[in-house]
Amino acid sequence: MGSSLSVCVTDFFTYETSKSVVVKSWSVGIINRIVQLLIITYFAGWVFVHEKAYQVTDTGIESSVMTKVKGFGYHHGQVVDVADYILPQQGAGVFCILTRLIITDNQFQGKCAELVSMFKCITDEDCHRHFGAILSSGVITGVCLKPSGQSEGQCEVEGWCPVEDDNVNVTPMFDVNNFTIFIKNSIRFPLFDVTRGNFPSTMTSDEIKRCTYHPEKSPFCPIFRVSDILKHTGQDLVGLATEGGEVGINIEWKCNLDLDIEYCVPKYSFTRLDAPFAKNAVSKGFNFRFAKYFKTENGTDFRTLYKAFAIRFDIMVTGNAGKFNTIPTLINLVAAFTSVGLGTVLCDIILLNFLKGAEQYKAKKFEEVSEAQIEASLAQSPGSQLSLKPGMKNSYDSGAISLATPDQPL
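Residues numbered from 1 in each chain as written. Predicted model: local features only at pLDDT ≥ 70, side-chain atom pairs only at ≥ 80, totals over all residues. Heavy atoms only, no water.

**Describing the state of the cysteines**
Evaluation of the coordinates by the stated rule reveals 5 disulfides. Paired by a disulfide, C112 and C161 hold their sulfur atoms 2.1 Å apart. Since a negative S-S torsion denotes a left-handed disulfide, the C112-C161 link at about -85° is left-handed. Taken together, the positions of C112 in strand β7 (residues 94-113) and C161 in strand β10 (residues 153-161) put the pair 49 residues apart, joining distant regions of the chain. Relative accessible area serves as the criterion here: at 14%, C112 is assigned to the buried category. You can call C161 buried: its relative accessible area is 12%. At a sulfur-sulfur separation of 1.9 Å, the disulfide partner of C255 is C264. Every disulfide takes its handedness from the sign of the S-S torsion; for C255 and C264 that torsion is 60°, giving right-handed. (Disulfide = S-S within 2.5 Å. Helix = DSSP H or I, 4+ residues; strand = E, 2+ residues; numbered from the N terminus. Buried < 20%, exposed > 50% of the residue type's maximum accessible area, 1.4 Å probe, protein only.)

**Side note on a positive patch on the surface**
Taken together, the side chains of K68, K70, K184 and K209 define a basic patch exposed on the protein surface. The topology assignment puts K70 in strand β3 (residues 62-70). (Patch = residues over 30% accessible without salt bridge, like charges linked within 9 Å, V, L, I, M, F, W, Y side chains within 5 Å. Areas by Shrake-Rupley, 256 points an atom, 1.4 Å probe, with all protein chains shown as cover. Salt bridge = Lys/Arg side-chain N within 4 Å of Asp/Glu carboxyl O. Lys, Arg positive; Asp, Glu negative; His and termini not counted. Charge placed at Lys NZ, Arg CZ, Asp CG, Glu CD.)

**Section: the pattern of salt bridges**
What the rule picks out here adds up to 10 salt bridges. Residue E246 is joined to R312 by a salt bridge in which the shortest nitrogen-to-oxygen separation is 3.9 Å. Here the residue E246 occupies a position in strand β14 (residues 245-256), and R312 occupies one in strand β17 (residues 301-324), the gap between them amounting to 66 residues. Since its relative accessible area comes to 22%, E246 is described here as partly exposed.

**Observations regarding the nonpolar core**
One finds Y85, I97, W253 and F313 to be the most contacted residues of the largest nonpolar core, which totals 45 residues. Per-element tally for this core: the top contributor is β17, with 8 residues. Membership of the second largest hydrophobic core comes to 10 residues, among which are C112, C155, V157 and V163. (Core = buried A, V, L, I, M, F, W, Y, C linked by side-chain atoms within 4.5 Å.)

**As for unusual backbone geometry**
Here L87 and P88 are connected by a cis peptide whose omega angle stands at -10°. Take P88: it is sitting in the loop between β6 (86-87) and β7. Cis geometry marks the peptide bond from C161 to P162, where omega comes out at -5°. Within the secondary structure, P162 is located in the loop between β10 and β11 (180-189).

**Quick notes on the packing of aromatic side chains**
Enumeration according to the criterion identifies 16 aromatic pairs in this entry. Between F108 and F302, the aromatic rings sit 5.2 Å apart at their centres with planes inclined by 20°, giving stacked as the arrangement. With a gap of 194 residues between them, F108 in strand β7 and F302 in strand β17 connect regions that are remote in the sequence. Taking the centre distance of 6.4 Å and the plane angle of 50° together, the rings of F182 and F199 count as tilted. Taken as a pair, F182 in strand β11 and F199 in the loop between β12 (194-197) and α5 (205-210) lie far apart in primary sequence, 17 residues in all. Over the aromatic face of F309 sits the side chain of R100, whose NZ or CZ is 4.0 Å from the ring centroid. (Phe/Tyr/Trp six-rings, centres within 6.5 Å; stacked < 30°, edge-to-face > 60°. Lys NZ or Arg CZ within 6 Å of the ring centre and 35° of its normal.)

**A closer look at a nonpolar patch on the surface**
A surface patch of nonpolar side chains, about 500 Å² in accessible area, is lined by L5, V9, F12 and F13. If you trace the backbone, F12 turns up in helix α1 (residues 2-12).

**Description of the side chain of R196**
Along the chain, the position of R196 falls in strand β12. Under the relative-accessibility criterion, R196 is labelled buried at 16%.

**Section: the confidence of the model for the chain**
Confidence along the chain averages 84 in pLDDT terms, with 88% of residues attaining 70 or more. Predicted confidence for residues 384-403 stays below pLDDT 50, and this span has 35 contacts to residues more than four positions away or in other chains. (pLDDT = per-residue confidence, 0-100. Contact = heavy atoms within 4.5 Å.)

**Re the environment of I61**
By secondary structure assignment, the location of I61 is in the loop between β2 (55-58) and β3. The sequence separation of I61 and T318 amounts to 257 residues, and the corresponding C-alpha distance is 7.2 Å.

Right, here's the structure in full:
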């Protein structure tokens with residue numbers, strides 16, 4: 001009983017290792033080293049240097065954006081300032097600069113004729129087909145209003161009258177080209193408790209007032225001229241001011257916190273967000289309507305309706321921060337060392353299937369041992385070489401078998 005237990009304990013603490021077959025082949029050896037070199041280069045160059053896989057990364061950036069636009073322009077024959085052309089009010093991360101307004105004055109609740117050509121009519125029955133229409137300027141009443149002496153008219157609507165005529169020709173406010181946008185952005189990476197602002201804390205008030213953003217000369221100035229933004233997006237002011245559009249200002253933060261915190265700075269980029277629709281015949285540009293309401297002396301409500309064409313600016317903040325950490329470093333090092341073994345897998349596939357002498361390699365790589373063979377080997381001397389065929393050599397120090405292929409002698 002004691003001897004059996006001793007054998008079990010001995011077997012449990014026995015170390016087992018694979019048998020090695022050394023193949024002396026120039027072609028297979030070169031392929032093996034090339035594959036290993038490519039894998040090592042990939043992990044060293046791309047994974048560790050470029051992707052910084054040795055760092056733990058925080059992508060949950062917290063951001064706050066405040067904006068302020070300045071500039072004066074002429075529209076409808078009068079001077080307009082930020083209170084006239086900015087919607088919503090100053091300070092939002094998404095705002096619109098109005099460039100063209102179609103104004104319909106003195107609208108009162110009542111009934112009047114629609115102006116859109118699709119609502120032309122000859123009889124009341126022609127208007128009945130438009131009940132529930134959402135493209136009209138009011139609720140279709142079903143009555144066909146015809147000017148005196150004419151056989152054709154327009155369907156009557158109930159709502160704010162007179163209805164809007166958006167076919168009028170209004171010159172856009174091209175002064176928007178000289179407007180400036182001030183952007184104040186603060187961010188925080190909660191994982192590392194790091195807080196940064198988009199312009200240096202050492203920048204004085206006078207320096208901010210005099211500077212204008214330039215990607216090379218003044219990359220950290222928080223004041224952007226609209227003409228420069230449009231130039232970076234490759235857009236034409238005439239088209240944008242006439243039909244409106246959407247422009248994105250992206251503030252990207254990529255911070256390597258292994259370096260000095262002063263290197264954690266923003267990078268700006270600009271793009272036309274509605275570019276896929278810029279050449280469409282429908283839903284082109286950007287416009288919306290709003291109204292200002294008043295009361296007459298007797299308490300009757302009336303309003304002024306505005307159809308506004310505007311350049312909409314979206315301030316988008318993205319980024320991540322990374323810092324050295326032992327766990328991802330060890331994980332990626334293990335992955336790198338493990339992947340080097342892919343060279344062996346590829347070489348085995350070549351040896352077993354494509355090279356001359358593949359059958360000889362298979363015979364030495366995969367060995368079947370039966371109980372009868374084990375009993376026979378026990379009867380031989382420990383140092384017997386009977387199991388080795390001519391053309392093979394046994395390495396006594398490592399237990400490896402060296403196998404030559406036709407392109408290299410033993």
